[in-house]
Amino acid sequence: MTSTRGSVRLRSTAGFSLVELLITLVVLTLVMGTTVMFFQTQSRSFARGNESIDVLQNARFSVTHVERILRTLGAGVTGEQPMLVYGGNDVVAFNTDFTETDTTDFRWAVNWNPSIPAEDAMVWRVENASTIPNTVITYPPKTFVLGNGLPSPAETKIFWLAPDTTTARGDDYVLWERTNNGQPEYIARNILAYPGRPFFQYFLDRRTVGVPNLVIAAGADLPLRRRVLESTFSSADSSNAVRPDSVRAVRINLRISNGKTGAEERTRDFSQLIQVPNNGLPSPVVCGRSPLPPASVTTIADTTGAAIVHLRWTRSPDHGGGEFDVRQYVVYVRPDTATVWRDPLILVPADSLLTYQTPIGGLASGETYRFGVIAQDCTPSSSTVISTTAVAP
């Protein structure tokens, strides 16, 4: 009997009571609730951090992209072709030889990109003229050409901001880019107006007794529109037409958002001053790009017994083709051990010949010499040197 009662007593005290179970559930619920709240808070913080990084990256990309191209304003323009074409609060248009597609004649452009359309790497032709975005201005008034009559290599770049019609907001913009009258390219969206400033500001050089003094173009000075001078212009017309040439820097002002509204909105203000060192510099009179070098150069030993070498070369591809701008060939000679070319030895006028040959004397018999030839245009601008070596007979 005693053994039986002891066994019953042990079974009655095994496991958890209902109160203990309830307490455990309450504690577990509190722990789980706290854990869930912690992870939710961390998730929201992580999401806000990602949004802030996205906003920062969007802002930096937008400003850096505009700066990279705008700094080349005026590069490669020629003759009457303006550097800064148009400057407004929400659009800037300018000429620059930014991109080249020619795989054999790449010498002046900032970048080389053979995959873009050829018309996007050359001057904007008048037959394709159209309106500059956000304006009523039709450009260009003419096809700007080089001194030899060929089209200028400098294309027109345009940046502008337009309302974003794809969102429910009414205050956000899209940054666009266009080359000549080509297809617009989207650069960035979720852009808001910068507090108290337009998207683009222009700093004009206003010197006082030779001391540089930059002022922001405003009021009647805007928009800046560079026009080709005409004999019928008044002094006021001429002043307005050349005012864009005095721009020394352009400031871009953007407020970038994460695309949300209310408490979820995140913004970042960016303002960047971009210098345009080429603007306003006088454009040299040029025949075109530097000519291509002669196609080949060879030597022929003189058979009379004198220490004379006959230098022969095939004319440059730009002579009778290409830019048609070769005026003369310049011949150099140096000892093969020398590292630099000295003064030109002979100047050979370019004519209708396909192959040129000239004797070179005054050499030391048995010595090795390097002979070089360059093509030169009317600028004068020279090609690279094409050379060969030979031993004087």
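As a starting point, this report considers the structure included with it.

Here's the deal with the overall build of the protein chain
Each helix and strand counted, the protein chain has 3 helices and 21 strands in total. Going through the 393 residues of the protein chain one by one, you find that 39% of them count as buried. As displayed, the protein chain has an accessible area near 21,200 Å², and 56% of this comes from carbon and sulfur atoms.

Here's the deal with unusual backbone geometry
A cis amide bond, omega 0°, links Tyr-139 with the succeeding residue Pro-140. With respect to the helices, strands and loops of the structure, Pro-140 is situated in the loop between strand E6 (138-139) and strand E7 (155-163). A cis geometry characterises the amide bond from Leu-222 onward to Pro-223, with omega recorded as -5°. Summarising the element assignment, Pro-223 is placed in the loop between strand E11 (214-216) and strand E12 (224-225). Phi at Asn-180 is positive, roughly 50°, even though this residue is not glycine. One non-glycine residue with positive phi stands out, namely Asn-190, at about 60°. Positionally, Asn-190 belongs in strand E9 (residues 185-192).

Structural notes on the pairing of E9
The sheet contact formed by strand E8 (residues 173-179) and E9 spans 4 bridges and is antiparallel. Across the sheet, residue Trp-176 finds its bridge partner in E9, namely Tyr-186. Taking the residues that link successive antiparallel strands as the turn, the E8-E9 hairpin has 5 residues, and the phi of Asn-180 there is positive, at about 50°. Pairing of E9 with strand E13 (residues 247-257), which is carried by 2 bridges, proceeds in the antiparallel orientation. Across the sheet, Leu-192 pairs through a bridge with Arg-255, a residue of E13.

A word on the sheet that holds strand E19 (residues 355-360)
Overall, antiparallel pairing links the 3 strands, which are arranged E15-E16-E19 in an open sheet. Among the strands making up the open sheet, the edge pair consists of strand E15 (296-301) and E19. Each neighbouring strand pair of the sheet contributes to a mean axis angle of 20°, computed without reference to strand direction. The sheet contact formed by strand E16 (residues 309-314) and E19 spans 6 bridges and is antiparallel. Within E19, the position partnered with Arg-312 by the bridge is Gln-357.

Points about the nonpolar core
Counting residues in hydrophobic clusters, the biggest one holds 35 residues, and the most contacted among them are Leu-70 and Phe-200. Put simply, the parts of the chain that give this core at least two residues each are helix H2 (18-70), strand E2 (91-96), E7, E9, strand E10 (200-205), E13 and strand E14 (267-275). Ranked by residues supplied to this core, first place goes to H2 with 7 residues. Leave out the neighbours within four places in its chain, and Phe-200 touches Gly-88, Asn-89, Asp-90, Val-91, Val-92, Phe-159, Leu-161, Val-250, Arg-251 and Ile-252. In this structure, Leu-311, Phe-371, Ala-375 and Ala-390 belong to the second largest nonpolar core, which totals 18 residues.

A closer look at the sheet that holds strand E20 (residues 368-376)
Ordered by their spatial adjacency, 4 strands build an open sheet running E18-E17-E20-E21, and the pairing between neighbours is antiparallel. A strand with exactly one partner marks an edge of an open sheet, and here the two such strands are strand E18 (346-349) and strand E21 (386-391). Neighbour to neighbour, the strand axes of the sheet diverge by 25° on average, direction disregarded. Sheet topology note: the strand E17 (residues 328-335)/E20 ladder contains 8 bridges and is antiparallel. Considered in E20, the bridge of Tyr-329 is made with Ala-375.

Some thoughts on the environment of Leu-56
Among the structural elements, Leu-56 can be located in helix H2. Here the alpha-carbon distance between Leu-56 and Asp-269, two residues 213 residues apart in the chain, equals 9.2 Å. Setting aside residues up to four positions removed in sequence, Leu-56 forms contacts with Arg-268 and Phe-270.

Structural notes on the environment of Ala-390
With respect to the helices and strands, the residue Ala-390 is situated in strand E21. For the pair Ala-390 and Phe-371, spaced 19 residues apart in the sequence, the C-alpha separation amounts to 7.8 Å. Aside from chain neighbours lying at most four places away, what touches Ala-390 is Thr-299, Glu-367, Thr-368, Tyr-369 and Phe-371.

Concerning a nonpolar patch on the surface
A cluster of nonpolar side chains, contributed by Leu-18, Leu-21, Leu-22 and Leu-25, occupies part of the molecular surface with about 400 Å² of accessible area. With respect to the helices, strands and loops of the structure, Leu-25 is situated in helix H2. Owing to a relative accessible area of 46%, Leu-25 belongs among the partly exposed residues under this scheme.

Some words on the side chain of Ser-316
Mapped onto the elements of the fold, Ser-316 is located in the loop between E16 and E17. In this structure the side chain of Ser-316 is engaged in a polar contact, spanning 2.6 Å, whose partner is the backbone oxygen of Leu-292. A distance of 3.0 Å separates a polar side-chain atom of Ser-316 from the backbone nitrogen of Asp-318. Setting aside its immediate chain neighbours within four residues, Ser-316 contacts Leu-292, Pro-293, Pro-294, Val-326, Tyr-329 and Ala-375.

What counts as what
- Along each chain, residues carry numbers from 1 onward, in the same order as the chain's sequence is written.
- The model is predicted, so local features are restricted to residues of pLDDT at least 70 and side-chain atom pairs to those at 80 or more, both for listing and for counting; the totals for chains, interfaces and linings are taken over all residues.
- Remark: hydrogens and water are excluded; side-chain values derive from all non-hydrogen atoms of the structure.
- In DSSP terms, a helix is any run of H or I states spanning at least four residues, a strand is any run of E spanning at least two, and both are numbered starting from the N terminus.
- Each residue's exposure class comes from its accessible area (1.4 Å probe, protein chains only) as a fraction of the maximum for that residue type: buried when under 20%, exposed when over 50%, partly exposed otherwise.
- To measure how exposed things are, a 1.4 Å probe is used in the Shrake-Rupley method; for residues, cover is taken only from the protein chains shown.
- Only when DSSP finds a minimum of two bridges between them are two strands counted as paired.
- Interaxial angle, 0 to 180 degrees, is taken between N-to-C directions of lines fitted to C-alpha atoms, where a helix line uses only the stretch in contact.
- Buried residues of nine kinds, namely Ala, Val, Leu, Ile, Met, Phe, Trp, Tyr and Cys, make up a nonpolar core once their side-chain atoms join them within 4.5 Å.
- Working rule for contacts: check all heavy atoms of both residues, and any pair within 4.5 Å makes them a contact.
- Each patch is built from residues lacking any salt bridge and having more than 30% relative accessible area; the joining distance is 9 Å for like charges and 5 Å for nonpolar side chains (Val, Leu, Ile, Met, Phe, Trp, Tyr).
- We define a salt bridge as a side-chain nitrogen of Lys or Arg found within 4 Å of a carboxyl oxygen belonging to Asp or Glu.
- Throughout this description, a polar contact denotes any pair of N or O atoms lying within 3.5 Å of each other; where both atoms belong to protein, one of them has to be capable of donating a hydrogen while the other can accept it, and for residues adjacent in sequence the pair is counted only when both atoms sit in side chains.

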